[in-house]
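Residues per chain, in single letters:
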Amino acid sequence: MKKIWSLVASVGLVLGITGCGATTQPTPNISNSANPAPEAGDLVFVSLPNEEDERWTRDGAELRRVITEAGYKVDLSFAENKIDRQNTEIENAITKGAKIMVIAAKNGTSLVSSVDKARAAGIKVIAYDRLIMDTSAVDYYLSFKLETIGQAQAQYIIDKLGLAKGEKGPFNVELFSGSSDDNNAKFYFRGAWELLQPYFANGTLVSPSNRVNENFSAEQWQSISIDSWKLENAQKEMEIRLSKYDEGRTALHAVLSPSDAISQGVINALRDSSFSQWKPGSEQWPWITGQDATNYALYNINQNLQGQTVWKDTRELANKTAEVCIQILEGETVSTDSSMNNNVLDVPSVFLDSVPITKTGESDAPGTQPVQFVIDSGFTTAEQLKQY
Ligand code: BGC
């Protein structure tokens, strides 16, 4: 066991989470008779929402790599965005004797019965990136600072439209939120709306589709949701919204998109529309935000099709998660510096930082970096950004 731990420590996975209000959750000693001591090679089950989104295939590969390198077995599965499938896979993993489950829920409120069964079988459950709601059977939650991501997206729009400098517009914008079954989506939108709302209130920002107006509230975020965060759903919704625009006249200045897949759907709809006022590459093309720093989004940013994305170094998230898994399996103390309520309990949590990205790093959003920054980190390569 010591050997494994030192391997983990040597690859730089020391948790090192401090900060005010730090809470320390002693993990139960798993070497008692009910829970025999874990062996190297214990199974960690990883369940991610889907394989079609670059976001999750990357996370899966990284989780598998770091947990395997630490000497444990990984069973990795993707739920194809199907609630039933994810529940069934969780139940199968209980039968296979998994010791820990790392789960990014397709639907945050639909895993109660399967994770409750996992808990009853003595399995630790880690909510990965997305919080699992409505159950006491979640031990830890690891993600990125959620509202900060929405704030960075809104800040980008405020900056590009010169709103803080007093530009009065009115500017036409379209706002989208993520999947209505994902707790993250609420927080991303809340962060963005907090900054954009004053400009709707004073008429500087308007939405020709009228999906959002000056009376909108963050609590209504699900009314502008894109189901399953899917590109196709975003494209369809954008096409519907464009029916409120007219050829050559109604401008579109900016689009608040919460993720790169949604941004791509919006870009497709704009590109396919017959309207002449926002031809790609023209000055009339809107400022479009995003999230995940996917290869296709970084490509789009280089082509001036998307303005911004928010990069979450998911290698860091996978490494932290692997570290927590190993600490649990080793009977070590797991430290967390935060918590998030899932309607039943405050789940001990860790939230990592993200980095807003634009083509050359220009933007008032604090900490914005250029696309090159993501390449320099080794997250992607310049070659991969030429492929789209
Ligand atoms: C994640 C985002 C991702 C989205 C769609 C969210 O829960 O936090 O990174 O873009 O799901 O997969």
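Residues numbered from 1 in each chain as written. Predicted model: local features only at pLDDT ≥ 70, side-chain atom pairs only at ≥ 80, totals over all residues. Heavy atoms only, no water.

(A) The arrangement of the packing of helix H7 (residues 231–242) against helix H8 (residues 260–272) in detail. Closest axis-to-axis distance for the H7/H8 pair is 7 Å, and the angle between their directions is 45 degrees. Regarding the angle of H7 to H8, the classification is oblique. Handedness of the H7/H8 crossing: right-handed. Only Ala261, Ile262, Gln264, Gly265, Val266, Asn268, Ala269, Leu270 and Asp272 of H8 make contact with H7, whose side of the interface consists of Leu231, Ala234, Gln235, Met238, Glu239 and Leu242. (Axes fitted to C-alpha atoms, helices over the stretch in contact; angles between N-to-C directions. Helix = DSSP H or I, 4+ residues; strand = E, 2+ residues; numbered from the N terminus. Parallel < 35°, antiparallel > 145°, perpendicular 65-115°, else oblique. Left-handed = near helix turned anticlockwise from the far one by under 90°. Contact = heavy atoms within 4.5 Å.)

(B) Broad picture of unusual backbone geometry. Of the consecutive residues Gly169 and Pro170, the connecting peptide bond is found in the cis state with omega at 0 degrees. Checked against the element boundaries, Pro170 lands in the loop between helix H5 (146–160) and strand S7 (171–175). With a phi close to 60 degrees, Trp229 is a non-glycine residue in the positive phi region. Along the polypeptide, Trp229 turns up in the loop between strand S8 (205–206) and H7. Judged by its relative accessible area of 9%, Trp229 is buried. (Buried < 20%, exposed > 50% of the residue type's maximum accessible area, 1.4 Å probe, protein only.)

(C) Layout of H8. Taking 1.5 Å of rise per residue, the 13 residues of H8 would be expected to cover 18 Å, and the 18 Å separating its terminal C-alpha atoms lies within 8% of that figure. Counting buried positions along H8 gives eleven out of 13 residues, so the element sits mostly inside the fold. Along H8, the positions that sit buried rather than exposed are Asp260, Ala261, Ile262, Ser263, Gln264, Gly265, Val266, Ile267, Asn268, Ala269 and Leu270. Each element contacted by the buried residues of H8 is listed here: H7, strand S9 (254–256), strand S10 (287–288), helix H9 (295–302) and strand S11 (308–311). (Expected span 1.5 Å × (residues − 1).)

(D) Inspection of the packing of aromatic side chains at higher detail. In this structure the tally under the stated criterion is eleven aromatic pairs. Residues Tyr156 and Trp287 carry aromatic rings whose centres are separated by 6.3 Å and whose planes lie at 80 degrees to one another, so their mutual orientation is edge-to-face. On the criterion of sequence distance, the pair formed by Tyr156 in helix H5 and Trp287 in strand S10 is long-range, its members being 131 residues apart. Look at Tyr156 and you get buried, because its relative accessible area is 1%. (Phe/Tyr/Trp six-rings, centres within 6.5 Å; stacked < 30°, edge-to-face > 60°.)

(E) Inspection of empty space enclosed by the protein at higher detail. Throughout the structure, instances matching the rule amount to three cavities of 30 Å³ or more. Its boundaries defined by the atoms lining it, the largest cavity holds a volume of some 180 Å³. Considering the residues around the largest cavity, the lining is formed by 21 residues, among which Asp53, Trp56, Arg130, Trp229 and Asp292 are closest to the centre. Secondary structure elements with two or more residues in the lining of the largest cavity: helix H2 (54–69) and helix H6 (183–201). Of the residues in the lining of the largest cavity, the class split is five nonpolar, seven polar and nine charged. No fewer than three residues from each of domain 1 (16–144 + 314–353) and domain 2 (146–312 + 356–385) sit in the lining of the largest cavity. If you add up the space inside the second largest cavity, you get close to 50 Å³. No other element matches the three residues that H2 contributes to the lining of the second largest cavity. When the residues that make up the lining of the second largest cavity are grouped by side-chain class, the tally is one nonpolar, two polar and five charged. Counting contributing residues, the lining of the second largest cavity receives three or more from each of domain 1 (16–144 + 314–353) and domain 2 (146–312 + 356–385). (1 Å grid on protein atoms, 1.4 Å probe; cavity = no way out; pocket = protein on both sides within 12 Å on 5 of 7 lines; lining within 4 Å. Points joined across faces, edges and corners; volume = space filled by probe spheres on them. Nonpolar A, V, L, I, M, F, W, Y, C, P; charged D, E, K, R; others polar. Domains from an automatic or database assignment.)

(F) Quick look at the sheet that holds strand S4 (residues 100–103). Spatially, the seven strands line up as an open sheet ordered S3-S2-S4-S5-S6-S14-S13, and their pairing is mixed. The open sheet has two edge strands, strand S3 (73–78) and strand S13 (338–341), and neither has a second partner. For this sheet, the mean angle separating the axes of adjacent strands, direction not counted, is 25 degrees. Bridge count for strand S5 (residues 124–128) against strand S6 (residues 140–144) is three bridges, and the pairing is parallel. Opposite Ala127, over in S6, you have Tyr141 as the bridge partner. (Pairing = 2+ DSSP bridges.)

(G) Looking closely at the side chain of Glu62. Tracing the sequence through the fold places Glu62 in helix H2. A distance of 3.5 Å separates a polar atom in the side chain of Glu62 from a polar atom in the side chain of Asn319. In this structure Glu62 touches Arg315, Ala318 and Asn319, once residues within four positions along its chain are discounted. (Polar contact = N/O pair within 3.5 Å; in protein donor to acceptor, adjacent residues only side chain to side chain.)

(H) Representation of the sheet that holds S8 within the structure. An order of S8-S7-S9-S10 is seen for the four strands of this open sheet, with the pairing classed as parallel. In this open sheet, the two strands that pair with only one neighbour each are S8 and S10. Running over the sheet, H5 touches S9 and S10 and is turned about 170 degrees from S9.

(I) Layout of the site of the ligand. With respect to spatial proximity, 13 residues lie near the ligand, and among them Asp129, Arg130, Asp182, Tyr188 and Asp292 are the closest. A distance of 2.6 Å is found between an oxygen atom of the ligand and a side-chain nitrogen or oxygen belonging to Tyr188. At a threshold of 2 Å from the grid points, most atoms of the ligand map onto the largest cavity. The set of elements that each furnish at least two residues to the shell around the ligand consists of H2 and H6. Of the residues assigned to the shell around the ligand, the class counts are three nonpolar, three polar and seven charged. Composition of the shell around the ligand by domain shows at least three residues from each of domain 1 (16–144 + 314–353) and domain 2 (146–312 + 356–385). (Near = heavy atom within 4 Å. Sits in = over half its atoms within 2 Å of the grid points.)

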